[in-house]
Amino acid sequence: MPSIKINKEVVEKLVGKKVPIDQLKDRISMLGTDLEGIEGNEISVEIFPNRPDLLSEQGLARALSSFIGAKTGLRKYRVGKSGEKVIIDKSVKDVRPFTACAIVKGLKFDDEKIKEIIQIQEKLHVTYGRNRKKCAIGVYPYEKIKPPIKFIAKKPGEIKFQPLEAFKEMTGLQILSQHPTGREYGYLLEGKDKFPIFVDSTNQVLSMPPIINSEQTGKITEKTTDVFVECSGFDFDVLHKCLNIIAAALADMGGKIYSMELSYPDRKVTTPNLEPVPMKFDTKYISRIIGVDFKESEIKKYLEMMGYGYEKGKALVPAYRADVMHPIDLAEDICIAYGYENLKEEIPKVATNAEEDKFYVFKDRIANIFVGLGILEVKTYHLTSKENQTKKMKSDISVIELANPNSKEYHVLRAWIIPSLMEVLAGNKHNEYPQHIFDIGTIFKKGKTDTGVEEADRLGVVLCNEKADFTEIKQVLDYLMKMLDVKYEIEETDNSSFIPGRAGRISVKGKNVAYVGEINPEVLTSWEMQMPVAALEINLTDLFEAIKK
Amino acid sequence: MADLKKIIEGLHPLERKTLPALAGCSSLPDITAKTKLKEVEVMRALQWLENKGILKIKKGLKEVVVLDKNGKEYLEKGLPEKRVLKALTKGDILLGDVVKKAGIEPGEFNVSLGVLKKKAAILIDGKTVKITEPGKKFLEKESFEEKLLKKLSEREVELKELKDEEKFAFDNLSKRKQIIKSSLLKLVGIELTELGKKAANEKISEGKTADRLTASMLKTGAWKGKTFRRYDVKINVPEITGAKRHFISQAVEYIRKIWIEMGFKEMKGSLVQTAFWDLDALFVPQDHPARQMQDTYYLKDPAAGKLPSPLWKKVKEVHENGGDTGSKGWGGKWSEEAAKQNLLRTHTTVLSAQTISALKESDLPAKFFSVAKVFRNEALDWKHLFELTQVEGIVVDPKANMKYLKGYLKEFFAKMGYPDVRIRPGHFPYTEPSAEVDVLHPEKNEWIELGGSGIFRPEVVKPLLGIEVPVLAWGLGMERTVSEYFKINDIRELYKNDLRQIRNMKTWMR
């Protein structure tokens, strides 16, 4: 999750009063953000992904100042008309079809503020913009641009400008292959015939979204006072929301927002629109969800603490809020304003019938039978290596592989459980013998289920001591079956993991449910074991079914 | 006196043999000699007697000088320099023949000649060696070195006991190869207590005490009239360990019981799931970062599964435009392909979704739980596991609210040993309101985050259940609290399967 660094003094200035550090810590946590740490005046705050509007000092200070009651209610952002246009050419339709734009004037940039505006962009890119895929943001010094601005797609070879942090002009293709930012984000334009660019009326290239701005027209300096802001991507509503977030933050920095007319091939839209969006809600619904009987006036108070406006029965949702899509979202904010800490816990007196999973109970009883036999339970992972499952066991069983493992030790789902137990034995050679262990866990193979994977719970037992042999493991099997009052049949079976002639296949009511035998010395050697092992593996899922019938 | 009698009745056979020998003896070798026991046996008996207050063992260290390999040899054959001199009395010898004629080792040649030259016992004339007059006297006289060797052959001598001339000889010989050596020895002596002095003079009868009660004694009645040796009940006995359930299973079992006691039903389901159930049905947007490869394990083959009809269409609508839930949805296009992907379930909330989808309105209110495995695409380290246990719960109840949520969580954690629980605002795509769950660490007095909770969004519940009902939900980590309980710092140790660790781990006693 993203975190931002904010300066206590700047926040206090924006809030409009001094806030003791303990109060600040507590309020940040209870606002729905996570305090990560404080170093001097610098506060690190983790922002949950549903609140991109808090990814700036301005945004967070705005929310905090309402939350602590310094400045509650809806903030009004006036939007003047710039009268300027952005023309969206139909060529961008297949590359990056939408943009939302604004002009903000009267800003005073210094080093801190330039850093701040870069932080806002970066954080929004990573989170709300999904690494620039969903939304890419550009901020430009307006004085260097001659409107109207055009959003157009051109062949990468025909695009030529000097990108930020480069010393010469480059073509679209060169930027993708040579420029560090181009290499990082180039995949977003991969396979496109044309790349999108913003150009002004003098044909100066402003940027090539979502990659990079131009060195000449796309770099904010301390002399900049007015900026042109654009967001580009695939979903107009998302872009507009993102533009509103930035515009509001810039206005909080002291800027004045001006709208632009976006001229799409089929329609005209004006952005930004910072008018709040009314959302109807039912006080009873909110009260029921939270468990507190709210009066209308209380709801109004709490909404205003969270930066909303209120008009009879409706919340006025600030235009920079990206997460409010259902009245339930208002309920959460009201609950936050009321204070999670003020909710009095209660356990309702509703009778419901408890019920254990029958199969779980079955497995639990079996485990206890084994403990009674002096066999210790171990707990092994479901993920393992193909080598452990097959080569080391002299087995050619097929295993299901992960598409994206992050280690060679754990890259397949196990198809049987004895190898997991062999691994435990191999790792315990320094410990006291006899080592008699069991584990109950899931195994995986292809099958006719919705996922195409069939799972079964199996029990594995290994007896490892000087005299471990078929008799010893079969005694265990016999005892278990006697305790379960189950009759079974056993047939000799060929299984290369076991010593030939010392492996048996067990069936109950005609269904194969288990095998038992002495582990082949070749297998023991491949695990570097110097102690004989007798093993048993039972499919408990099948045994459970067989017994039930 | 009663005490003494009790003590004597409780003596072990070794003690019985040792105790009488203590009158008059105070050092380990003497006692050992007198009892004719092995030294270790005497040591054991002495320790037991010390525990009984009969004596005090005094331990010290002494540095003793003893003969080494060559020293023992020289004691028989004579020192090599003496042997050279002896050979010379029969006539002069060429330098090259000294070794052979004197019968010494080639390695002893230089030392011998050095010693003799220093004493002016020989004269080297060109290549010939001759004995001198002082040499002849030297041969006859017993040297300090020889005296010391002889003394050492009789008994070990403490370094600090050596007289001046012996010290001189010791220094000379220690420079030479393996003649003598000094070593540190443990010194064991005893001192009888007042009680001990009495005890050592007691008569210890043999016939009437019995050590073990045997089956044959019972059969024959031979036990009658015998006194059984009193045992020292405080004695340390060899350790044994028993078979048992793994300590994780013990914890899981306890946690299951907590929910069952509160009237919850157990849920179960597959570990391999489609993204549809694990994420889409829970209203996790398709471009959510949690769906990325670095967070979730996907399957190579079969890479995709089937979508449940007609549910998937409702879920699609809810994602794209909110469907009939009154929500705006996430917007954009919802991809069937992305939803079909097979993955290892990232949370047991997938079981909650499946459970809700199987419920009817008439089943409500209903409560469910599970304590089961989930997977995260993480590299193993002391803080991270790729397989974890999640404690999941849902309460599907038209009357459910945030206060109840807090109530259930508080009840659960109190039983887990954390009476102080707080919830604070959080964010999960499937709950609204969402809440992080913290408990107060009773010793460290700081809040630790143990899971997520909230009320399922209408966008989750309505497509699954058909109606909008508040569903309280939580997904809590288990490994952290279990590690705390068993005092494990490295989370990997929970599933290390070190048999010694499992055998010796205390039982879950909450």
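Predicted model, so just to flag it, every value in this text is computed and none were measured.

Draft legend 1. Just the overall build of chain A, in detail. Of regular secondary structure, chain A possesses 16 helices and 28 strands. Its C-alpha atoms give chain A principal-axis dimensions of roughly 90 × 65 × 50 Å. For chain A, with 549 residues in total, the buried portion stands at 59%. Contacts in chain A between residues far apart in sequence, at least 24 positions, make up 69% of those at least 6 positions apart. Accessible surface, chain A: about 24300 Å² in total, of which carbon and sulfur atoms supply 48%. Charged side chains of chain A number 79 positive and 81 negative; the gap between the two group centres comes to 6 Å.

Draft legend 2. Highlighting the interface of chain A and chain B. Residue-level contacts link 84 residues of chain A with 97 residues of chain B. Between chain A and chain B lies a buried interface of about 7800 Å² when both sides are counted; carbon and sulfur atoms form 56% of it. On the surface where chain A and chain B come into contact, there are 11 salt bridges. Ionic pairing is found between Arg 245 of chain B and Asp 364 of chain A, a salt bridge with its closest N-O pair at 2.8 Å. Counting across the interface, chain A meets chain B through 50 residue pairs in polar contact (both at pLDDT 80 or more). Every element with two or more residues in the side of chain A that touches chain B is listed here: α2 (21–30), α8 (283–290), α10 (327–338), α11 (358–372), β19 (376–377), β21 (400–401), β23 (435–446) and β24 (453–464) of chain A. When the residues that make up the side of chain A that touches chain B are grouped by side-chain class, the tally is 41 nonpolar, 21 polar and 22 charged.

Draft legend 3. Just helix α4 (residues 39–51) of chain B, in detail. All names here are of chain B. Taking 1.5 Å per residue, 13 residues should reach 18 Å; α4 reaches 18 Å between its end C-alpha atoms and fits that length. Listed as buried for α4 are Val 42, Met 43, Ala 45, Leu 46, Trp 48 and Leu 49. Positive phi appears at Gly 53, one or two residues downstream of α4, with a value of about 80 degrees.

Draft legend 4. Structural detail: the side chain of Thr 493 of chain A. Its location among the elements puts Thr 493 of chain A in the loop between β25 (489–492) and β26 (498–508). Excluding residues that lie within four positions of it along the chain, Thr 493 of chain A makes contacts with Ala 503, Gly 504 and Arg 505 of chain A.

Draft legend 5. Up close: the domain arrangement of chain A. Taken domain by domain, chain A holds domain 1 (3–67), domain 2 (79–271), domain 3 (277–340) and domain 4 (358–548). The centre of domain 2 of chain A, based on its C-alpha atoms, is set 61 Å off from the matching centre of domain 4 of chain A.

Draft legend 6. Representation of helix α20 (residues 458–465) of chain B within the structure. Residue and element names in this part refer to chain B. Counting buried positions along α20 yields seven of eight residues, so the element is predominantly enclosed. Along α20, the residues that are buried comprise Pro 458, Glu 459, Val 460, Val 461, Pro 463, Leu 464 and Leu 465. Gly 466 sits one or two residues past α20 and shows a positive phi near 95 degrees.

Draft legend 7. Representation of the packing of helix α6 (residues 80–88) of chain B against helix α8 (residues 109–118) of chain B in the model. Residue and element names in this part refer to chain B. Running from N to C, α6 and α8 point in directions that differ by 75 degrees, and their axes come no closer than 8 Å. What the angle tells us is that α6 and α8 run roughly perpendicular. Residues Pro 80, Glu 81, Val 84 and Leu 85 of α6 pack against Ser 112, Val 115 and Leu 116 of α8. Here the residues of the contact of α6 with α8 sort into five nonpolar, one polar and one charged.

Draft legend 8. A look at the environment of Phe 170 of chain B. Residue and element names in this part refer to chain B. The residue Phe 170 is located in helix α11 (residues 164–175) in this model. Along the backbone, Phe 170 and Glu 146 are 24 residues apart, and their C-alpha atoms lie at a distance of 10 Å. Beyond its immediate stretch of four places on either side in the chain, Phe 170 contacts Val 65, Leu 148, Leu 159, Leu 162, Ile 180 and Ser 182.

Draft legend 9. Region of interest: the sheet that holds strand β15 (residues 431–440) of chain B. Reading across the sheet, the seven strands line up as β9-β12-β13-β17-β16-β15-β14 (chain B) and stay open at both edges, with mixed pairing between neighbours. The sheet terminates laterally at β9 (265–266) and β14 (421–425) of chain B, the two strands that pair on one side only.

Draft legend 10. Spatial organisation of the packing of aromatic side chains. For the structure on display, the rule yields 40 aromatic pairs over all chains. Relative to Trp 330 of chain B, the ring of Phe 283 of chain B has its centre 4.9 Å away and its plane inclined at 25 degrees; by these criteria the two rings are stacked. Separated by 47 residues along the polypeptide, Phe 283 of chain B in the loop between α15 (275–278) and α16 (311–321) and Trp 330 of chain B in the loop between α16 and α17 (336–340) bring together distant segments of the chain. Here the aromatic rings of Phe 412 of chain B and Phe 413 of chain B are separated by 5.0 Å at their centres, their planes lie at 65 degrees, and the arrangement is edge-to-face. Assessed through its relative accessible area of 2%, Phe 412 of chain B is described here as buried. Site record: aromatic cluster; members linked through ring pairs are Trp 259, Phe 264, Tyr 408, Phe 412, Phe 413 and Trp 474 of chain B. Cation over ring: Lys 105 of chain A sits above Tyr 258 of chain A, and NZ or CZ is 4.8 Å from the ring centre. Directly above the aromatic system of Tyr 264 of chain A lies the positively charged group of Arg 267 of chain A, at a separation of 5.3 Å from the ring centroid.

Draft legend 11. Layout of the nonpolar core. Met 208, Phe 228 and Ile 418 of chain A together with Phe 413 and Trp 474 of chain B are the most contacted members of the largest nonpolar core, which totals 212 residues. With 12 residues, the top contributor of residues to this core is helix α7 (residues 236–252) of chain A. When neighbours within four sequence positions are excluded, Phe 228 of chain A is seen to be in contact with Val 86, Cys 101, Ala 102, Ile 103, Gly 138, Val 139, Tyr 140, Tyr 142, Ile 145, Ile 149, Leu 206 and Met 260 of chain A. Counting 39 residues, the second-largest nonpolar core is a separate cluster that includes Leu 279, Tyr 298, Ile 356 and Val 460 of chain B.

Draft legend 12. Fine view of unusual backbone geometry. All names here are of chain A. Omega for the peptide link from Tyr 433 to Pro 434 comes to 0 degrees, which places this bond in the cis form. Structurally, Pro 434 is set in the loop between α13 (418–426) and β23. Look at Glu 165: it is not a glycine, yet its phi comes out positive at around 60 degrees. Take Glu 165: it is sitting in the loop between β8 (160–161) and β9 (170–171). By relative accessible area, which is 66% here, Glu 165 ends up exposed. One non-glycine residue with positive phi stands out, namely Asp 485, at about 55 degrees. Mapped onto the elements of the fold, Asp 485 is located in the loop between α14 (470–484) and β25.

Draft legend 13. Structural detail: the pattern of salt bridges. All names here are of chain B. A full pass over the atoms with the stated rule returns 61 salt bridges over all chains. Between Glu 266 and Arg 256 there is a salt bridge; the shortest N-O distance is 2.7 Å. Here Arg 256 lies in helix α14 (residues 247–261) and Glu 266 lies in strand β9, a separation of 10 residues in the sequence. The residues Glu 266 and Arg 256 share a single accessibility class, namely buried.

Draft legend 14. Layout of the layout of surface pockets. Empty space within the second largest pocket amounts to approximately 1200 Å³. Forming the walls of the second largest pocket are 50 residues, and the residues nearest its centre are Lys 363, Thr 442 and Asp 457 of chain A together with Gly 269 and Arg 345 of chain B. Those elements that provide at least two residues to the lining of the second largest pocket are α11, β23, β24 and α16 (540–548) of chain A together with α14, β10 (272–274), α18 (349–357) and β12 (366–375) of chain B. Taken together, the residues of the lining of the second largest pocket sort by class into 17 nonpolar, 15 polar and 18 charged.

Draft legend 15. Structural view of the side chain of Thr 271 of chain A. Residues and elements named next belong to chain A. Position of Thr 271 among the secondary structure elements: in strand β15 (residues 268–271). The buried category is assigned to Thr 271, whose relative accessible area is 0%. Looking at Thr 271, its side chain comes within polar contact range of the main-chain oxygen of Cys 101, at 2.7 Å. With residues up to four places along the chain from it excluded, the contact list for Thr 271 reads Ala 100, Cys 101, Phe 236, His 240, Leu 243, Ser 259, Met 260 and Leu 262.

Draft legend 16. Molecular detail of the sheet that holds strand β22 (residues 412–413) of chain A. Residue and element names in this part refer to chain A. The antiparallel open sheet is built from three strands, whose spatial order is β20-β22-β21. In the strand order of this sheet, the two ends are held by β20 (383–384) and β21, each with one partner. Strand direction decides the pairing type here: β20 and β22, joined by two bridges, are antiparallel. Within β22, the residue paired with Leu 383 across the bridge is Leu 413.

Draft legend 17. Representation of the state of the cysteines. Taken as a whole and judged by the stated rule, the model has zero disulfides over all chains. With no disulfide of its own, Cys 101 of chain A lies closest to Cys 231 of chain A among cysteine sulfurs, the gap being 7.8 Å.

Reading the values: the criteria
Residues numbered from 1 in each chain as written. Chains lettered and ligands numbered in written order. Predicted model: local features only at pLDDT ≥ 70, side-chain atom pairs only at ≥ 80, totals over all residues. Heavy atoms only, no water. Helix = DSSP H or I, 4+ residues; strand = E, 2+ residues; numbered from the N terminus. Buried < 20%, exposed > 50% of the residue type's maximum accessible area, 1.4 Å probe, protein only. Contact = heavy atoms within 4.5 Å. Areas by Shrake-Rupley, 256 points an atom, 1.4 Å probe, with all protein chains shown as cover. Lys, Arg positive; Asp, Glu negative; His and termini not counted. Charge placed at Lys NZ, Arg CZ, Asp CG, Glu CD. Buried area = accessible area lost by both parts, 1.4 Å probe. Salt bridge = Lys/Arg side-chain N within 4 Å of Asp/Glu carboxyl O. Polar contact = N/O pair within 3.5 Å; in protein donor to acceptor, adjacent residues only side chain to side chain. Nonpolar A, V, L, I, M, F, W, Y, C, P; charged D, E, K, R; others polar. Expected span 1.5 Å × (residues − 1). Domains from an automatic or database assignment. Axes fitted to C-alpha atoms, helices over the stretch in contact; angles between N-to-C directions. Parallel < 35°, antiparallel > 145°, perpendicular 65-115°, else oblique. Pairing = 2+ DSSP bridges. Phe/Tyr/Trp six-rings, centres within 6.5 Å; stacked < 30°, edge-to-face > 60°. Lys NZ or Arg CZ within 6 Å of the ring centre and 35° of its normal. Core = buried A, V, L, I, M, F, W, Y, C linked by side-chain atoms within 4.5 Å. 1 Å grid on protein atoms, 1.4 Å probe; cavity = no way out; pocket = protein on both sides within 12 Å on 5 of 7 lines; lining within 4 Å. Points joined across faces, edges and corners; volume = space filled by probe spheres on them. Disulfide = S-S within 2.5 Å.

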